[in-house]
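Below, each chain spelled out in residue letters.
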Amino acid sequence: MKMTTAMYMRIIHRYLGFFLAGIMAMYAISGVVLIFRNTDFLKKEIQIEKKLSPNITAENLGTALKKKRLKVEKEADGLLYFKDGTYNKETGMAIYTEKKLPYVMDKMTKIHKATSSQPLFLLNVIFGLSLLFYVVSAFWMFSPKTPIFKKGMYFTLGGMALTLILLFV
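The following refers to the structure shown.

Quick notes on the rules
Residues numbered from 1 in each chain as written. Predicted model: local features only at pLDDT ≥ 70, side-chain atom pairs only at ≥ 80, totals over all residues. Heavy atoms only, no water. Helix = DSSP H or I, 4+ residues; strand = E, 2+ residues; numbered from the N terminus. Contact = heavy atoms within 4.5 Å. 1 Å grid on protein atoms, 1.4 Å probe; cavity = no way out; pocket = protein on both sides within 12 Å on 5 of 7 lines; lining within 4 Å. Points joined across faces, edges and corners; volume = space filled by probe spheres on them. Nonpolar A, V, L, I, M, F, W, Y, C, P; charged D, E, K, R; others polar.

1. Describing the environment of Leu-123
By the element assignment, Leu-123 lies in helix 5 (residues 121-137). Taking the C-alpha atoms as reference, Leu-123 lies 37 Å from Phe-82; in sequence the two are 41 residues apart. What Leu-123 contacts, discounting residues up to four positions off in sequence, is Ile-23, Tyr-27 and Ile-111.

2. Considering the layout of surface pockets
Of the volumes computed, that of the largest pocket is approximately 1,400 Å³. Lining the largest pocket are 30 residues, with Lys-43, Lys-67, Arg-69, Glu-98 and Lys-99 sitting closest to its centre. Secondary structure elements with two or more residues in the lining of the largest pocket: helix 2 (21-35), strand 5 (93-100) and helix 4 (103-112). Looking at which element gives the most residues to the lining of the largest pocket, the answer is strand 5, with four residues. Split into classes, the residues belonging to the lining of the largest pocket amount to eight nonpolar, four polar and 18 charged. Within this model, the second largest pocket holds a volume of roughly 230 Å³. In this structure, the second largest pocket is lined by Tyr-134, Val-135, Ala-138, Phe-139, Phe-142, Ile-148, Phe-149, Gly-152, Met-153 and Thr-156. Those elements that provide at least two residues to the lining of the second largest pocket are helix 5 and helix 6 (147-168). The element best represented in the lining of the second largest pocket is helix 6, accounting for five residues.

No statement about biological role is implied by the geometric values presented.
This is the structure:
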C-alpha cells in the first residue's frame, strides 16, 4: 500500500499527540492558573528574611530585592517601609512576606511564561510549532469529499469567527 500525505499526517498527528500529552496538560493547567495571577488563588504566604548591604537607598531597594514595582511608602528611624515588609538601613536586613504558588505550580507557570532570554524558551517555541502542526494536520484526518469534513469546515469557520470577535471586540 502506498503511503499518502494524508496517511503520514494522521500517523504523525497521532503519535505527536501521545508524546505531547503530558506537556499539553501542563500548559493547560498552568494557563488556567495564570489567568488568576493577579489574585491569591492557590498562593500561600511566605515570610522572607534577606540580608542585604546596609544603607541601600529607597530608590535602589527594589533592585536589591529583585522586586520590579517596589515602592517605599515611608522612612522612619532607619527603617524603610514598603508593602508587606521593612528594610533596616543599619543592619541591611529586609523582612517581608510574599505570596507564592506551590512549588510545582510555580515551576509550571515559569515554563509557561518563559521568554527568549531564558533557556526554556526553546521548549515554548517547539511546543507552539507542534500545536501549529496539529492545526494543519487536522485537515488531513478526513477526506475532503466526506460529509464529516464538510461539517468540520463549518466548525472551523465558526472557530475563526469567534477568534476574530475575541480579538477585535
